Amino acid sequence: MENYLNLLNPPQQEAVLQKEGPMMIIAGAGSGKTRVLTYKIAYLIQQGVDPFQILSLTFTNKAAREMKNRIAGVVGESEAKNIWMGTFHAVFAKILRFEADKLGFPSNFTIYDTDDSVKLITSIIKELQLDKEIYKPKQVFGRISKYKNNLITVKAYYNSPELIEADNAAMRPKMGEVYQQYVDRCFKAGAMDFDDLLLRTNELLARFPEVLAKYQNRFRYILVDEYQDTNHSQYLIVRALADRFQNICVVGDDSQSIYAFRGANIQNILNFQKDYADIKIFKLEQNYRSTKNIVSAANSVIENNKTKLDKTIWTGNDEGEKIKIIQTHSEAEEGNFVASSIFENQMQHQLQNTDFAVLYRTNAQSRAIEEALRKKNIKYRIYGGVSFYLRKEVKDILAYLRLIINHNDEEAFKRIINYPARGIGQTTIDRLIVKANELNVSLFYIAENIEKIDVGINSGTRQKLSDFAMLIKSLKIFSQTDDAFEVANQVVNKTFLINELKKEDAFESTGRIENVEELLNGIRFFIIEQQDLADGDTSLTNFLQNVALATDFDKEDPEAKNTVSLMTVHMAKGLEFKVVYIVGLEENLFPSAMSINTRSEIEEERRLFYVALTRAEIKVYVTYSLYRSRWGQFNDTEPSRFIEEIDDKYTEFIGKQKNNNNSSRTSSFLKPDIFETKNPVIQPKISINIPKNLKKVSEIKPKTQGEIANIQMGSFVIHETFGKGEVLSLDGTGPNRKAEIKFENAGIKKLLLQFAKLQLI
DNA sequence: TTTTCAAGAATTTTT
DNA sequence: TTCTTGAAAA
């Protein structure tokens, strides 16, 4: 006990030793928050609290796993494993499975991801014959999500003149109808979307006092991490559960609240003091992570925000180097700078790839960085973006598994009813939907009973539908005796999915088949992992739930060892790196063009920048580019206001003097050894397509009209990614001229000559 | 019903 | 530039 208390500073100790009652820990960036939480829970257990009575809610699954491991290190595995620890979504999904029947859901309900939700809404909008230009599915979904996060049910919606007025003003008078349909269809499909996991939990606790009492009694100690990013729905769950014993400890940092766009309400943390009587507040203000320069720079930025709690972050660490600000002329040059600088830093300071992170505002920015890192042979891993489980071939198999578990899952049904192609087209599906709505049954039910129900479909198609239903039912029977891995295997075999993938062109299909194999391995791994767990659950249902709630961090990539991390600033929350590059600091990008209209939006963007800065331990580089290509065209940009906001005591400009009127837009100041490539000469505001390889003039000769003309049948050519190949045939003229080329390693491809960057040999 | 081709949109951030 | 969607053709 004493041994770990010695590892804590006074405010940390106080926070750990405060056992009972409501408390709030304001934990600045890098102030040892995880350490405090870990020891706090360990302390509770050592004080005799049953781990079973502790509920700890974290922001990511990864954070939960790590904390559990650390706690196990202090109090032992057998104690630690009984703590309820996970994200809001994961923990309450688990509880909802226990209690599902009370709400009329099957215990093996499906969790719809955003993709599924948007597709269902698209379908509903079409069925209601609404204009999808006005009822944009994504926006409609966003709207519904907002209602749900604020506990506005369909009924509450119809009782709110303001909301109806707002939707009318947006030319969407049928919003309520769409909402109603969406909720009904999810219910009928036995499906909950992400927001439902919280909303339905609230419903459960509100409607069933005995259930509320049960969980209030169980969870006598509740801890919530990243409290600044909880939404109203989460807030209410926490309040309800903590109401009886009031042993509620919330941890957070208002300066790091960055999820307002998905309903996070910063007021939850700002008003926590008003919610409970006799609340204890602890402030962790000493930063152990970063240098003085970084902490001061970050402080000077966040100073510009009006809405915040009073605290002063300081550090006893070294002065460190100033924040380096770099101007470039294109995102390619930006990427090259990052790559070269990583390389230099590695040489000078003996750093590993894992010590570096490149952070950006939008996922699309990763491309230029990737390209540059690849050129320099620096290994990297991208977090976020299109996650593994969202890839088409993976989702297809998951859809089979989902339908096997839950026959009513509408989105899964629609996804695979004609994949692989069974000759069941859109017309048939539309008829099924109409009939299903009419009879208030699921699509699968109609397919299953197609001979008994008159849907107006010819006998050939009817046969195909009942064959499909039989296939799913036989797999269901199989799933009752065999484990998830075997079932997935059966799916792949019985549907000949691999053959289907092989039909596609060779280059893509290998990757897809690998993904399928990876998925199967993942399932096997999951089963083994669960078997090791005390309360392990190897069921297919549990696997699917894990997948639905998994993020990129939760999937180990065995090949990705010692890599530079590339991710959005959002994903970087809670992480730390020795050297951090923050790229694309331009107006309309960071801050995003979507978030510069109101003060609170700008403040959130500023907090986001604050989060980015405070990820770094020893060095920060901030870059911006004078030109950035968007949709294949170059546009000029303005440096971000946030650069100005860093007190210039803590910054140094590389390559350009700040406010130096003499400095030209060319890079005469740039150290030649930093930039391996020549800067492209680009005129402002001219929208021309500049091929990426322009900068590699020395290596690849830009193709001329003459060269394209020289390509003919039988020519041998080299392609950047596909390698060496032979031209089999040519057709089309001018910009449409294309060649069919047989590549040695990539098979036969049809390529447009104007884009293919072919080199004659 | 399926395949192909052209037009148009797309980029905020995620459980 | 790349991806998705919708209409036309097979």
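What counts, and at which threshold
- Residues numbered from 1 in each chain as written.
- Chains lettered and ligands numbered in written order.
- Predicted model: local features only at pLDDT ≥ 70, side-chain atom pairs only at ≥ 80, totals over all residues.
- Heavy atoms only, no water.
- Axes fitted to C-alpha atoms, helices over the stretch in contact; angles between N-to-C directions.
- Helix = DSSP H or I, 4+ residues; strand = E, 2+ residues; numbered from the N terminus.
- Parallel < 35°, antiparallel > 145°, perpendicular 65-115°, else oblique.
- Left-handed = near helix turned anticlockwise from the far one by under 90°.
- Contact = heavy atoms within 4.5 Å.
- Nonpolar A, V, L, I, M, F, W, Y, C, P; charged D, E, K, R; others polar.
- Phe/Tyr/Trp six-rings, centres within 6.5 Å; stacked < 30°, edge-to-face > 60°.
- Buried < 20%, exposed > 50% of the residue type's maximum accessible area, 1.4 Å probe, protein only.
- Salt bridge = Lys/Arg side-chain N within 4 Å of Asp/Glu carboxyl O.
- Near = heavy atom within 4 Å.
- Polar contact = N/O pair within 3.5 Å; in protein donor to acceptor, adjacent residues only side chain to side chain.
- Pairing = 2+ DSSP bridges.
- Expected span 1.5 Å × (residues − 1).
- pLDDT = per-residue confidence, 0-100.

1. A look at the packing of helix H6 (residues 88-99) against helix H28 (residues 540-549)
Their axes nearest at 11 Å, the elements H6 and H28 cross at an angle of 150 degrees. The angle between H6 and H28 falls in the class roughly antiparallel. Regarding H6 and H28, the two cross each other, and that crossing is right-handed. Across the interface between the two elements, His89, Ala90, Ala93, Lys94 and Arg97 from H6 touch Thr541, Gln545 and Leu549 from H28. Across the contact of H6 with H28, the residue classes break down as three nonpolar, three polar and two charged.

2. Some words on the packing of aromatic side chains
Applying the stated criterion to the full structure yields 23 aromatic pairs. Ring centres 5.7 Å apart and planes at 70 degrees place the aromatic pair Tyr157 and Tyr158 in the edge-to-face group. On the basis of relative accessibility, which here comes to 2%, the residue Tyr157 falls in the buried class. Between the aromatic rings of Tyr227 and Phe272, the centroid separation amounts to 5.6 Å while the plane-to-plane angle is 80 degrees, which identifies the pairing as edge-to-face. Here Tyr227 is found in the loop between strand E6 (221-224) and helix H14 (232-242), whereas its partner Phe272 is found in helix H16 (residues 272-275), with 45 residues between them in sequence. Of the two residues, Tyr227 and Phe272, neither departs from the other in class, the shared state being buried.

3. Structural notes on the packing of H6 against helix H12 (residues 194-207)
H12 packs onto H6 with a crossing angle of 55 degrees between their chain directions and a minimal axis gap of 9 Å. As judged from the angle between their axes, H6 and H12 are oblique. Regarding H6 and H12, the two cross each other, and that crossing is left-handed. Across the interface between the two elements, Phe88, His89, Phe92, Ala93, Ile95, Leu96 and Glu99 of H6 pack against Phe194, Asp196, Leu197, Leu198, Arg200, Thr201 and Leu204 of H12. Along the lines of polarity and charge, the residues of the contact of H6 with H12 split into nine nonpolar, two polar and three charged.

4. Re the pattern of salt bridges
Side chains that differ in sign of charge can pair as their charged atoms come close. All told, the structure shown has 46 salt bridges when counted by the stated rule. Of the charged contacts in the structure, one is a salt bridge between Lys33 and Glu226, with a shortest N-O distance of 3.2 Å. Taken together, the residues span a long stretch of sequence, with Lys33 in helix H3 (residues 33-46) and Glu226 in the loop between E6 and H14 at a distance of 193 residues. Given the relative accessible area of 18%, Lys33 is considered buried. Where Asp355 meets Lys578, a salt bridge forms, and the shortest distance between an N and an O atom there is 3.7 Å. Pair noted here: Asp355 is in the loop between helix H18 (331-349) and strand E12 (356-360) and Lys578 is in strand E15 (residues 577-582), with a separation of 223 residues, a long-range link. Overlapping salt bridges, with partners in common, bring together Asp113, Asp115, Asp116, Lys395, Arg402 and Asp409 in one network.

5. Some words on the protein's contact with DNA strand B
As a structural note, the neighbourhood of DNA strand B is formed by 25 residues, with Arg361, Asn363, Gly423, Thr428 and Thr551 the closest of them. Looking at DNA strand B alone, sugar and phosphate atoms form 47% of those within 4 Å of the protein. A distance of 3.4 Å separates a base oxygen of DNA strand B from a polar atom in the side chain of Thr114. Secondary-structure elements contributing two or more residues to the surface near DNA strand B are helix H22 (426-439) and helix H29 (569-572). Here the surface near DNA strand B is built from residues that sort into seven nonpolar, 15 polar and three charged.

6. Things to note about unusual backbone geometry
A cis geometry characterises the amide bond from Tyr419 onward to Pro420, with omega recorded as -5 degrees. Tracing the backbone shows Pro420 in the loop between helix H21 (410-416) and H22. Residue Pro591 follows Phe590 across a cis peptide bond; omega there is 10 degrees. The topology assignment puts Pro591 in the loop between E15 and helix H30 (599-613). Unlike most non-glycine residues, Leu151 shows phi in positive territory, near 60 degrees.

7. Observations regarding the sheet that holds strand E14 (residues 564-568)
Pairing between the strands of a sheet is mediated by backbone hydrogen bonds and can be parallel or antiparallel. In spatial order, the strands read E13-E14-E12-E15-E16-E11-E19; together these seven strands make up an open sheet with parallel pairing. Of all the strands in the sheet, just strand E13 (380-382) and strand E19 (651-654) have a single pairing partner and so form its edges. The mean inter-strand angle of the sheet, taken between neighbouring strand axes irrespective of direction, is 20 degrees. By the bridge criterion, four bridges tie strand E11 (residues 323-328) to E19 in an arrangement that is parallel. Bridge pairing in E19 places Lys324 opposite Glu652. Contacts between H18 and the sheet are confined to E11, E12, E14, E15 and strand E16 (616-625), with E16 contributing the most and set at about 155 degrees to the helix. Strands in contact with helix H19 (residues 366-375) are E12, E13 and E14; relative to E13, the strand with the most contacts, it is inclined by about 160 degrees.

8. Side note on the sheet that holds strand E2 (residues 54-58)
Ordered in space as E3-E2-E6-E7-E1-E8, the six strands form an open sheet in which the pairing is parallel. Here the strands that pair on one side only, and so sit at the sheet edges, are strand E3 (84-87) and strand E8 (280-284). Sheet twist, expressed as the average angle between the axes of neighbouring strands with direction ignored, equals 15 degrees. As judged from the five bridges shared by strand E1 (residues 23-27) and E8, these two strands associate in the parallel manner. Across the sheet, residue Ala27 finds its bridge partner in E8, namely Leu284. Sheet contacts for helix H2 (residues 10-17): E1 and E8; angle to E8, the most-contacted strand, approximately 145 degrees.

9. Comments concerning H22
Each full turn of the α-helix corresponds to 3.6 residues, which orients residues three or four apart in the same direction. Taking 1.5 Å of rise per residue, the 14 residues of H22 would be expected to cover 20 Å, and the 20 Å separating its terminal C-alpha atoms lies within 8% of that figure. What H22 keeps buried is the set Thr428, Ile429, Leu432, Ile433, Lys435 and Ala436. Packed against the buried residues of H22 are helix H7 (114-127), helix H11 (175-188), H21, helix H23 (443-448) and helix H24 (459-481). In the segment just after H22, Asn440 is the residue with positive phi, at about 55 degrees.

10. Topic: the confidence of the model for chain A
Residue-level pLDDT values for chain A average 85, and 86% of them are 70 or greater. Ignoring residues within four places in sequence, the model shows residues 657-708, a span with pLDDT below 50, making 72 contacts including any to other chains.

11. Overview of the side chain of Ser592
Tracing the backbone through its elements, the reader meets Ser592 in the loop between E15 and H30. For Ser592, a relative accessible area of 13% gives the class buried. Once residues within four sequence positions are removed from consideration, Ser592 is found in contact with Arg361 and Glu605.

12. Focus: helix H8 (residues 137-149)
With 13 residues, H8 should reach 18 Å at 1.5 Å per residue; the first-to-last C-alpha distance of 18 Å fits that figure. If you check which residues of H8 are buried, you get Pro137, Val140, Phe141, Ile144, Ser145, Tyr147, Lys148 and Asn149. Phi turns positive, to about 60 degrees, at Leu151, one or two residues after H8.

13. Things to note about the pairing of E14
Taken across its five residues, E14 has five buried, putting it largely inside the fold. Strand direction decides the pairing type here: E12 and E14, joined by four bridges, are parallel. Bridge pairing links Ala357 to Ser565 in E14. Two strands pair when backbone bridges link them, and E13 and E14 are joined in this way by three bridges, in the parallel orientation. Paired with Ile382 across the strands is Leu566, a residue of E14.

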